[in-house]
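Geometric and topological summary
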Amino acid sequence: MRLPAELEEQYQQLLEEAKRMKKVELLTQMEERAIRRGLMRGYRRGERRGLQKGMQRGLEQGMEQGLQEGLQQGLQQGLQQGLQQGLQQSILRILRELYGEPSDSLTRELSQVSSPERLLELQGIALRAGSLEAFHQQLRAFLQEQPPAE
């Protein structure tokens, strides 16, 4: 049975100590085997416990980091969606106030625009369109030139 280098050194020190205590030159083979076996068992137990504790710590740290990143990503997505919906509602309100109730198809088509920059452009178009029909035509043209959603 082969011991790791650091344990072999400890084993040799234990042998020397045992020799001094017993005032005997050599330990029996049975005593040497028992000491080696004990050292090896202790080493294996320590190794298993260390691995278990290390895995547990790693799992806890991984979960904590994943939660942190998930929360951050969720917050960012929530802010993005909130901004998008707010701008879409603002455009619909402008259209209602200036030109009357927008059609369902206009509302659906407007909901396809997700970029805040594009929605701000559409807000300006809504203010200058002159009618719901004119805005709807410009929205359709806008959607045709819009790059595909990511």
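Residues numbered from 1 in each chain as written. Predicted model: local features only at pLDDT ≥ 70, side-chain atom pairs only at ≥ 80, totals over all residues. Heavy atoms only, no water.

Ile91, Leu95, Leu110, Leu119, Leu122, Phe135 and Leu139 are the most contacted members of the largest nonpolar core, which totals 18 residues. Mapped onto this core, the elements with two or more residues apiece are helix H2 (29-99), helix H3 (104-111), helix H4 (116-128) and helix H5 (132-145). Once residues lying within four places of it in the same chain are set aside, the contact partners of leucine 95 are Gly100, Pro102, Leu106, Ala126, Leu132 and Phe135. (Core = buried A, V, L, I, M, F, W, Y, C linked by side-chain atoms within 4.5 Å. Buried < 20%, exposed > 50% of the residue type's maximum accessible area, 1.4 Å probe, protein only. Helix = DSSP H or I, 4+ residues; strand = E, 2+ residues; numbered from the N terminus. Contact = heavy atoms within 4.5 Å.)

On to the pattern of salt bridges. For the structure shown, the criterion picks out two salt bridges. Of the charged contacts in the structure, one is a salt bridge between arginine 96 and glutamate 101, with a shortest N-O distance of 3.2 Å. By relative accessible area, arginine 96 is classed as partly exposed at 36%. A salt bridge links arginine 140 to glutamate 109; the nearest nitrogen and oxygen atoms lie 3.4 Å apart. Here the residue arginine 140 occupies a position in helix H5, and glutamate 109 occupies one in helix H3, the gap between them amounting to 31 residues. (Salt bridge = Lys/Arg side-chain N within 4 Å of Asp/Glu carboxyl O.)

Our focus in this paragraph is the side chain of glutamine 123. Here glutamine 123 lies in helix H4. Among the residues examined, glutamine 123 registers a relative accessible area of 18% and is labelled buried.

Another aspect to go through is the packing of aromatic side chains. For the coordinates displayed, the defined rule picks out zero aromatic pairs. Over the face of the ring belonging to phenylalanine 142 we find arginine 118, whose NZ or CZ atom lies 4.1 Å from the ring centre. (Phe/Tyr/Trp six-rings, centres within 6.5 Å; stacked < 30°, edge-to-face > 60°. Lys NZ or Arg CZ within 6 Å of the ring centre and 35° of its normal.)

Bringing the environment of glutamate 9 into the picture now. On the secondary structure map, glutamate 9 appears in helix H1 (residues 5-22). Residue glutamate 9 is classed as exposed on the basis of its relative accessible area of 52%. Between the C-alpha atoms of glutamate 9 and serine 103, which are 94 residues apart in sequence, the distance is 86 Å.

Glancing now at H2. Counted at 1.5 Å a residue, the expected span for H2 with its 71 residues is 105 Å, and the 102 Å between its end C-alpha atoms agrees. Within the sequence span of H2, burial applies to Leu39, Met40, Gln84, Leu87, Gln88, Ile91, Leu92, Ile94 and Leu95. (Expected span 1.5 Å × (residues − 1).)

Position of arginine 118 relative to the elements: it lies in helix H4. The charged side chain of arginine 118 is buried without a salt bridge, its nearest counter-charge being glutamate 121 at 4.4 Å. Within the local environment of arginine 118, its side chain forms a polar contact with the backbone oxygen of phenylalanine 142, the two atoms lying 3.5 Å apart. (Lys, Arg positive; Asp, Glu negative; His and termini not counted. Polar contact = N/O pair within 3.5 Å; in protein donor to acceptor, adjacent residues only side chain to side chain.)

With that settled, the discussion passes to a positive patch on the surface. On the surface, Arg33, Arg37, Arg41, Arg44, Arg45, Arg48, Arg49, Lys53 and Arg57 cluster together into a positively charged patch. For arginine 37, the position within the fold is in helix H2. Given a relative accessible area of 39%, arginine 37 falls into the partly exposed group. (Patch = residues over 30% accessible without salt bridge, like charges linked within 9 Å, V, L, I, M, F, W, Y side chains within 5 Å. Areas by Shrake-Rupley, 256 points an atom, 1.4 Å probe, with all protein chains shown as cover. Charge placed at Lys NZ, Arg CZ, Asp CG, Glu CD.)

Moving on, we get to the packing of H4 against H5. Two elements in contact, H4 and H5, have axes separated by 10 Å at closest approach and are oriented at 155°. The pairing of H4 with H5 is recorded here as roughly antiparallel in orientation. As for the relative orientation of H4 and H5, their crossing is right-handed in sense. Contacts between H4 and H5 involve Arg118, Glu121, Leu122, Ile125 and Ala126 from the former and Phe135, Gln138, Leu139, Phe142 and Glu145 from the latter. A breakdown of the residues in the contact of H4 with H5 according to their chemical character gives six nonpolar, one polar and three charged. (Axes fitted to C-alpha atoms, helices over the stretch in contact; angles between N-to-C directions. Parallel < 35°, antiparallel > 145°, perpendicular 65-115°, else oblique. Left-handed = near helix turned anticlockwise from the far one by under 90°. Nonpolar A, V, L, I, M, F, W, Y, C, P; charged D, E, K, R; others polar.)

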